[in-house]
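Architecture at a glance
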Amino acid sequence: MAAASLSACSLATTKSVVGRQNLHSRGAMAMPKQRRAETICMASYEAAVGVMGTKLGMMTYFEPEGKCVPVTVIGFHEGNIVTQIKTESTDGYVAVQVGYRRVRDTKLSKPELGHLSKAGAIPMRHLQEFRLASASQLDAFQPNQRLNFHEMFAEGDLVDVSATSIGKGFQGGIKRHHFKRGPMTHGSKSHRELGSIGAGTTPGRVYKGKKMPGRMGGKRTKIRKLPIVKIDMDLQALMIKGAVPGKQGNLVRITPAKIVGKNIPKN
């Protein structure tokens, strides 16, 4: 009797499990299909087309009033030529591609030379795009057009300068994130160590984005709203107040400063 009751109980349990599985399957079939989430692309627009240059170093500039201003000197090699104009109909977005720094033909591949020859441009090492918000801004540009920095900028204008920052290698928390160090005396065994990185039981893991030692520098960095102090036509150089990313000889990208509501739409 005990064996019979046990088998009956197991049979009933099996039926109930199967019934629940069938119910779940019917419920899943009855549920409407979920729509795929739409991907929203957040594009970074420029206020206007800019130019590329080469960082030459820093110096002190004395204004006519006698005030000394630290400036970064930006030089220009041969280049800053429009190589392609992209429109909504052909590429799906609005942009102007500009080339910079002339090189020998042997330094480029045949596809690169073919791309430049379509615009009638000289061989250039660097190609960058300046993405624009409105197609009406393309009317002032055409392929193989040479961009002159002294025509695009004036003294006193605010510019955004972006370049690759100087690489510092693998650094600790003090240098990388400006952490405070521990006591150096009185028996302390925690001098420059990182310290606790999270609780043990809860959450039992390290949160993403935790500031820890790691590789520092060597990233694309932008410094915004730097004023142009002087445009030197004899030296073909631009003097910008303050420091810009990168070391001497680095490629820098100079664009008019983005001011929301003035040259960039609020939405």
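Residues numbered from 1 in each chain as written. Predicted model: local features only at pLDDT ≥ 70, side-chain atom pairs only at ≥ 80, totals over all residues. Heavy atoms only, no water.

**Brief notes about the overall build of the protein chain**
When its secondary structure is counted, the protein chain shows five helices and 11 strands. Taking all 267 residues of the protein chain together, the buried fraction comes to 30%. A sequence separation of at least 24 residues applies to 71% of the contacts in the protein chain between residues at least 6 apart. Working note: accessible area of the protein chain is about 18000 Å², and carbon and sulfur atoms make up 55% of it. (Helix = DSSP H or I, 4+ residues; strand = E, 2+ residues; numbered from the N terminus. Buried < 20%, exposed > 50% of the residue type's maximum accessible area, 1.4 Å probe, protein only. Contact = heavy atoms within 4.5 Å. Areas by Shrake-Rupley, 256 points an atom, 1.4 Å probe, with all protein chains shown as cover.)

**Some points on unusual backbone geometry**
Cis rather than trans, the peptide bond between Thr202 and Pro203 has omega equal to 10°. Mapped onto the elements, Pro203 comes out in the loop between α5 (173-177) and β8 (214-216). Despite not being glycine, Asn80 shows a phi value in the positive range, around 55°. Turning to its location among the elements, Asn80 is positioned in strand β3 (residues 79-86).

**Some words on a positive patch on the surface**
A grouping of Arg101, Arg104, Lys107 and Arg125 is seen on the molecular surface, where their side chains present a positively charged patch. Secondary-structure assignment places Arg125 in strand β5 (residues 124-131). (Patch = residues over 30% accessible without salt bridge, like charges linked within 9 Å, V, L, I, M, F, W, Y side chains within 5 Å. Salt bridge = Lys/Arg side-chain N within 4 Å of Asp/Glu carboxyl O. Lys, Arg positive; Asp, Glu negative; His and termini not counted. Charge placed at Lys NZ, Arg CZ, Asp CG, Glu CD.)

**Section: the pattern of salt bridges**
Tallying each qualifying case throughout the model produces four salt bridges. Its salt-bridge partner being Arg253, residue Glu46 comes within 3.2 Å of it at the nearest N-O pair. Linking Glu46 in the loop between α1 (2-30) and β1 (51-62) with Arg253 in strand β11 (residues 251-256), this pair joins segments that are 207 residues apart in sequence. Here Glu78 makes a salt bridge to Arg102, at a shortest N to O gap of 3.4 Å. With Glu78 in the loop between β2 (68-75) and β3 and Arg102 in strand β4 (residues 95-102), this residue pair connects regions lying 24 residues apart in the sequence. The exposure class of Arg102 is partly exposed, given its relative accessible area of 44%.

**Some details on the side chain of Asp160**
Mapped onto the elements, Asp160 comes out in strand β6 (residues 158-164). Here Lys258 takes part through its backbone nitrogen, which lies 3.2 Å from a polar atom of the side chain of Asp160. What Asp160 contacts, discounting residues up to four positions off in sequence, is Lys222, Ile223, Arg224, Lys225, Arg253, Ile254, Thr255, Pro256, Ala257 and Lys258. (Polar contact = N/O pair within 3.5 Å; in protein donor to acceptor, adjacent residues only side chain to side chain.)

**Focus: the sheet that holds β2**
Backbone-to-backbone hydrogen bonds join strands into a sheet, with any given pair of strands oriented parallel or antiparallel. With antiparallel pairing, six strands are arranged side by side around a closed barrel as β1-β2-β10-β9-β6-β11. For this sheet, the mean angle separating the axes of adjacent strands, direction not counted, is 50°. As paired strands, β1 and β11 are joined by four bridges and run antiparallel to one another. Pairing of Val51 across the sheet is with Ile254, part of β11. (Pairing = 2+ DSSP bridges. Axes fitted to C-alpha atoms, helices over the stretch in contact; angles between N-to-C directions.)

**Overview of the sheet that holds β3**
Taken together, three strands build an open sheet; the order of strands is β3-β4-β5 and the sheet is antiparallel. Pairing within the sheet leaves two strands with one partner each, and these edge strands are β3 and β5. Neighbour-to-neighbour, the strand axes of the sheet open up by a mean angle of 25°, direction not taken into account. Note: β3 against β4, six bridges, orientation antiparallel. Each residue of the ladder has a partner; that of Gln84, found in β4, is Gln97. Lying over the sheet, helix α3 (residues 110-119) contacts β3, β4 and β5, oriented at roughly 85° with respect to β3.

**Re the pairing of strand β9 (residues 220-232)**
Pairing of β6 with β9 involves six bridges; the strand directions are antiparallel. Bridge pairing links Leu158 to Pro227 in β9. Pairing analysis gives four bridges linking β9 to strand β10 (residues 237-241), with the strands arranged antiparallel. Each bridged residue has a counterpart across the sheet, and for Lys230 the counterpart in β10 is Met239.

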